[in-house]
Number of protein chains: 2
Amino acid sequence: MKSDLDALMQSKSLDAILVIGNATHNPPMYYLTGGGHVSAATLIKKRGNEAVLFCNDMERDEAAKSGLKIIPYSTYNYESLLKEAQGDPAFAAAIRYKRMFTDQGVHGRVGIYGHTDLGSAFAIFTILQSLMPELKLVGETRDGSLFMYAMETKDEDEVARIRKMGKITTEVVGRVAGYLTSREVRKDEVLLKEDGAPLTVADVKSRIDLWLAELGAENPEGCIFAIGRDAGVPHSAGTPTDLLRLGQTIVFDIYPCEAGGGYFYDFTRTWSLGYATPEAQALYDEVKAVYDKVTENLDLNAPFKDYQQLVCEEYEKNGHKTPLNTPAPTEGYVHSLGHGVGLNVHERPWSGLTASDDNLLKPGVVMTIEPGLYYPEKGMGVRIEDSLWVRPDGKMEILAEYPYDFVLKMKKWKK
Amino acid sequence: MKSDLDALMQSKSLDAILVIGNATHNPPMYYLTGGGHVSAATLIKKRGNEAVLFCNDMERDEAAKSGLKIIPYSTYNYESLLKEAQGDPAFAAAIRYKRMFTDQGVHGRVGIYGHTDLGSAFAIFTILQSLMPELKLVGETRDGSLFMYAMETKDEDEVARIRKMGKITTEVVGRVAGYLTSREVRKDEVLLKEDGAPLTVADVKSRIDLWLAELGAENPEGCIFAIGRDAGVPHSAGTPTDLLRLGQTIVFDIYPCEAGGGYFYDFTRTWSLGYATPEAQALYDEVKAVYDKVTENLDLNAPFKDYQQLVCEEYEKNGHKTPLNTPAPTEGYVHSLGHGVGLNVHERPWSGLTASDDNLLKPGVVMTIEPGLYYPEKGMGVRIEDSLWVRPDGKMEILAEYPYDFVLKMKKWKK
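Residues numbered from 1 in each chain as written. Chains lettered and ligands numbered in written order. Predicted model: local features only at pLDDT ≥ 70, side-chain atom pairs only at ≥ 80, totals over all residues. Heavy atoms only, no water.

## Digging into the overall build of chain A
Argument step 1. For chain A, the count of helices and strands is 11 helices and 22 strands.
Argument step 2. Over its C-alpha atoms chain A spans a radius of gyration of 24 Å, differing by no more than 12% from the 22 Å that the globule rule assigns to 415 residues.
Argument step 3. The dimensions of chain A, computed from C-alpha atoms along their principal axes, are 75 × 50 × 35 Å.
Argument step 4. Within chain A, buried positions represent 59% of all 415 residues.
Argument step 5. Restricting to contacts in chain A with at least 6 residues of sequence separation, those with at least 24 account for 67%.
Argument step 6. Carbon and sulfur atoms make up 51% of the accessible area of chain A, which amounts to about 15700 Å² in all.
Argument step 7. Each charge sign in chain A was given a centre, from 46 positive and 59 negative side chains, and these centres are 2 Å apart. (Helix = DSSP H or I, 4+ residues; strand = E, 2+ residues; numbered from the N terminus. Rg over C-alpha atoms; globule rule 2.2 N^0.38 Å. Buried < 20%, exposed > 50% of the residue type's maximum accessible area, 1.4 Å probe, protein only. Contact = heavy atoms within 4.5 Å. Areas by Shrake-Rupley, 256 points an atom, 1.4 Å probe, with all protein chains shown as cover. Lys, Arg positive; Asp, Glu negative; His and termini not counted. Charge placed at Lys NZ, Arg CZ, Asp CG, Glu CD.)

Next up, the structure:
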């Protein structure tokens, strides 16, 4: 939680942290400012102190909504900086950082964070490091960074926001199911739009975007709506021109966030419209059985990867390839069981077999459980995913309930 | 244009470029891959050679849509990398980069690019630089980078896509105008929703998001819909709870991009509903006169900042503060005249008084012209903005025409 930041800084021997970039679509900055229309900002927080936010003068009102102390960039006259830097903008920016650090009394080890332009940052911080040899700029890999540890456990307000996104997500999933099952079906089992043209993956996706916008969400990373062979490739987003047909597996993985950037939800169902082939039904039943086994056996404070191990063992018993015995398998069970969800659609805790031992199902964690099986050459794939909250009382609660039907009955079609 | 990349690499003495991150919402990667559902990818391009794209195995189908040569990350076994790195993920990633560079025959000066996680990149590239001292990793500031220069001029396909976004943008602006002017108005001049409740900025924004989604666009950076005092603060996005009232300036600045990330359009109109105060009307007329003067006098290959100079001089004549004589003014004319638009909502050419002399209105440039005047303490602000294409024949074409009415007539209200 955010209140852990000072302790995390201490444990990582950081005297200060520096976060740069926009306030939206930039999780560390969003986390500390609450988002808003603030671009190219600079946040400095010394250990044990409140954060200070530097921003463009034009965005001072937006920045003030963060509740932080605001200092406009114009405090440091850009034209004189540029002159001092002999016209080199990277050098001018580095001098400005030096002034900001000096004025804030920053010294020692400084962690740097932000989802931002890499080239600029690398150029500027290389110069800054040479201008301030007494300072040590420290990069942390995202997955093990201070922010990933702080964000790993959510407070009640954050859980409420994720839960609300879950409600929006499942509402949209329900509308998609309702729309698909009310279609007319052509003789060759292709679904038709209102105007009689075949229904495509692109058509479905544009409805998803529309419904998300209507309900106050956005889709910054798109979504997966993959049918047939595409369903067998876990991160295939689906082919826009593919037609919707009966009796094929459809993997629908949707992970929207609050409009304007913010908290995500992550959810998947696999459907077969009208009927299922016996092979697809068997695959689905296998995935559902493992899903149930995992969700019924989650223990408070257990290492997340123990359940990845369990899932691999179950699937290996049934003859599927898994990461346990096959490096980077391309069919069978090919990914890890789940991940944390918050301001990042993927965040701590991690569940991969190589995840560190401190990825635990601690109170306050919100994580996905998403086993799947994939056979692209057979034209099918199945994944089932919900986002769960590890409650303070140790119960694991699915934040948005939704039925697990595999075959969706078509209202205007009979076998 | 993209075809300039090798020459730009030559002029910047770069032997290769490295682009990292997702394919969407990451302009350099989008530019070279065409976007798509590809995350945490690595692109290496040696000068004079085609680019090579490394990606997660699960995303190989999506990556292949780029038409580039695809190499899955699994070529480099992650578990052995991690072992070699004694469990340090940043070190393991650095070793993988070293292998990729070696296998691709990369040497010399390598420019690094991408909108991505700064902490990870800084950690990894610091190690990589020490592992490969014979290589020189070079960061360029975004605004002067190779990509900004390449992207500055658009080919016909890019212009067509920006034009299409212009059509969508002005369609949405028209719908907003139609919606506002058909509202019932309360005695105190507040607009009402269908249900009789007062209409808020948040209500208008949610309709904007909905209509954008419906038309195939997205709003990754939000939009500005600011009324009264907020209209006087150029980058205030507007206060969600503000009510829509007659006779107040409304600055509506909208800059959506193609759904799934892609090309932007940038557009602003200022309205006063029902009637305008004489002071606001005078401010509007002044801005419109300067807008006309600029757009009628744009010369092919002229430095963009010459027109910023012109606008400042015009406004100073009329007694307004401008950047010409006031550093960072907070009222009057407080920003620069315009900027390029493409995969970045703000890109080259730049028009600020400190912009370098090579920011020219060259054929292929798409740029905004957006003079404005702001008086937050008087509760008003005006900006007029269109995006223009510098055509190969030297004409400056507004890519999406839209009327310049200031006072919008209310259908159900009479003064």
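So much for the structure itself; the text now carries on.
## Remarks on the sheet that holds strand 7 (residues 136–139) of chain B
The strands that make up a sheet pair up through hydrogen bonds in the backbone, lying either parallel or antiparallel.
Argument step 1. The strand order 4-3-2-1-5-7 (chain B) describes an open sheet built from 6 strands, whose pairing is mixed. The sheet terminates laterally at strand 4 (69–72) and strand 7 of chain B, the two strands that pair on one side only. Going across the sheet, the axis of each strand differs from the next one's by a mean of 25 degrees, ignoring polarity.
Argument step 2. Note that strand 3 (residues 52–55) of chain B and strand 4 of chain B share 4 bridges and pair parallel. From the neighbouring strand, Phe-54 of chain B faces strand 4 of chain B, where its bridge partner is Ile-71 of chain B.
Argument step 3. Most of the contacts of helix 6 (residues 118–131) of chain A go to strand 7 of chain B, to which it runs at about 110 degrees, and overall it touches strand 1 (16–21), strand 5 (109–113) and strand 7 of chain B. (Pairing = 2+ DSSP bridges. Axes fitted to C-alpha atoms, helices over the stretch in contact; angles between N-to-C directions.)

## Some words on the state of the cysteines
Argument step 1. If you walk through the whole model with that rule in mind, you get 0 disulfides over all chains.
Argument step 2. In this structure Cys-223 of chain B is a free cysteine whose sulfur lies 13 Å from that of Cys-257 of chain B, the closest cysteine sulfur available. (Disulfide = S-S within 2.5 Å.)

## Observations regarding the packing of helix 10 (residues 278–296) of chain B against helix 11 (residues 305–317) of chain B
Residue and element names in this part refer to chain B.
Argument step 1. In the contact formed by helix 10 and helix 11, the axes pass within 11 Å of each other and the chain directions differ by 145 degrees. Every pair of crossing elements has a handedness; the one defined by helix 10 and helix 11 is right-handed. For the pair formed by helix 10 and helix 11, the contact residues are Glu-286, Val-287, Val-290, Lys-293 and Val-294 on the first element and Tyr-307, Leu-310, Val-311, Glu-314 and Tyr-315 on the second.
Argument step 2. Residues that form the contact of helix 10 with helix 11 fall into these classes: 7 nonpolar, no polar and 3 charged. (Left-handed = near helix turned anticlockwise from the far one by under 90°. Nonpolar A, V, L, I, M, F, W, Y, C, P; charged D, E, K, R; others polar.)

## Notes on the interface of chain A and chain B
Argument step 1. With 56 residues of chain A at the contact, the number on the chain B side is 55 residues.
Argument step 2. Taking both sides of the interface into account, the surface hidden between chain A and chain B amounts to around 4900 Å²; carbon and sulfur atoms contribute 62%.
Argument step 3. Of all residues in chain A, Met-58, Leu-118 and Phe-122 of chain A bury the most surface against chain B, accounting for 16% of the area lost on that side.
Argument step 4. Taking the shortest distance from any N to any O, the salt bridge between Asp-61 of chain A and Arg-229 of chain B comes out at 2.7 Å.
Argument step 5. Remark: the boundary between chain A and chain B carries 18 residue pairs in polar contact (both at pLDDT 80 or more).
Argument step 6. Every element with two or more residues in the side of chain A that touches chain B is listed here: helix 3 (60–64), helix 4 (78–84), strand 5 (109–113), strand 6 (115–117), helix 6, strand 7 (136–139) and helix 9 (201–214) of chain A.
Argument step 7. Counting residues per element, the side of chain A that touches chain B draws most heavily on helix 6 of chain A, at 8 residues.
Argument step 8. When its residues are assigned to classes, the side of chain A that touches chain B shows 25 nonpolar, 17 polar and 14 charged.
Argument step 9. Bridging between strand 6 of chain A and strand 6 (residues 115–117) of chain B involves 3 bridges; their strand directions are antiparallel. Paired with Asp-117 of chain A across the two strands is His-115 of chain B, which belongs to strand 6 of chain B. (Buried area = accessible area lost by both parts, 1.4 Å probe. Salt bridge = Lys/Arg side-chain N within 4 Å of Asp/Glu carboxyl O. Polar contact = N/O pair within 3.5 Å; in protein donor to acceptor, adjacent residues only side chain to side chain.)

## Regarding the side chain of His-37 of chain B
Argument step 1. In this structure, His-37 of chain B sits in the loop between helix 2 (27–33) and strand 2 (41–46).
Argument step 2. His-37 of chain B sits in the buried class, given a relative accessible area of 16%.
Argument step 3. A distance of 2.8 Å separates the side chain of His-37 of chain B from the side chain of Tyr-255 of chain A, its partner in a polar contact.
Argument step 4. Other than its neighbours up to four places away in sequence, His-37 of chain B contacts Glu-221, Ile-224, His-235, Ala-237 and Tyr-255 of chain A together with Glu-59 and Glu-62 of chain B.

## Some remarks on the domain arrangement of chain A
Many descriptions give the size of an interface as the accessible area lost when the pieces come together.
Residue and element names in this part refer to chain A.
Argument step 1. With domains assigned, chain A is organised as domain 1 (2–149) and domain 2 (152–408).
Argument step 2. The C-alpha-based centres of domain 1 and domain 2 are spaced at 36 Å.
Argument step 3. If you look at the interface, domain 1 gives 10 residues, while domain 2 gives 18 residues.
Argument step 4. In this assembly, domain 1 packs against domain 2 so that about 1200 Å² is buried in total across both faces, 50% of it on carbon and sulfur atoms.
Argument step 5. On the domain 1 side of the interface with domain 2, the three residues burying the most area are Tyr-30, Met-148 and Tyr-149, jointly 47% of the side's total.
Argument step 6. At the surface where domain 1 touches domain 2, the tally comes to 0 salt bridges.
Argument step 7. Applying the counting criterion to the domain 1 and domain 2 interface returns 10 residue pairs in polar contact (both at pLDDT 80 or more).
Argument step 8. With 3 residues, helix 2 (residues 27–33) is the single largest residue contributor to the side of domain 1 that touches domain 2.
Argument step 9. Among the residues making up the side of domain 1 that touches domain 2, the classes are represented as 5 nonpolar, 2 polar and 3 charged. (Domains from an automatic or database assignment.)

## Notes on the relation of the copies chain A and chain B
Argument step 1. With an RMSD of 0.0 Å, chain A superimposes on chain B once it is rotated by 180 degrees and translated 0.0 Å along the axis. What we have between these two chains is a two-fold relation.
Argument step 2. A shared binding surface is used by both copies, with 98% of the interface residues of chain A retained as interface residues in chain B. (Least-squares fit on C-alpha atoms with pLDDT ≥ 70 in both.)

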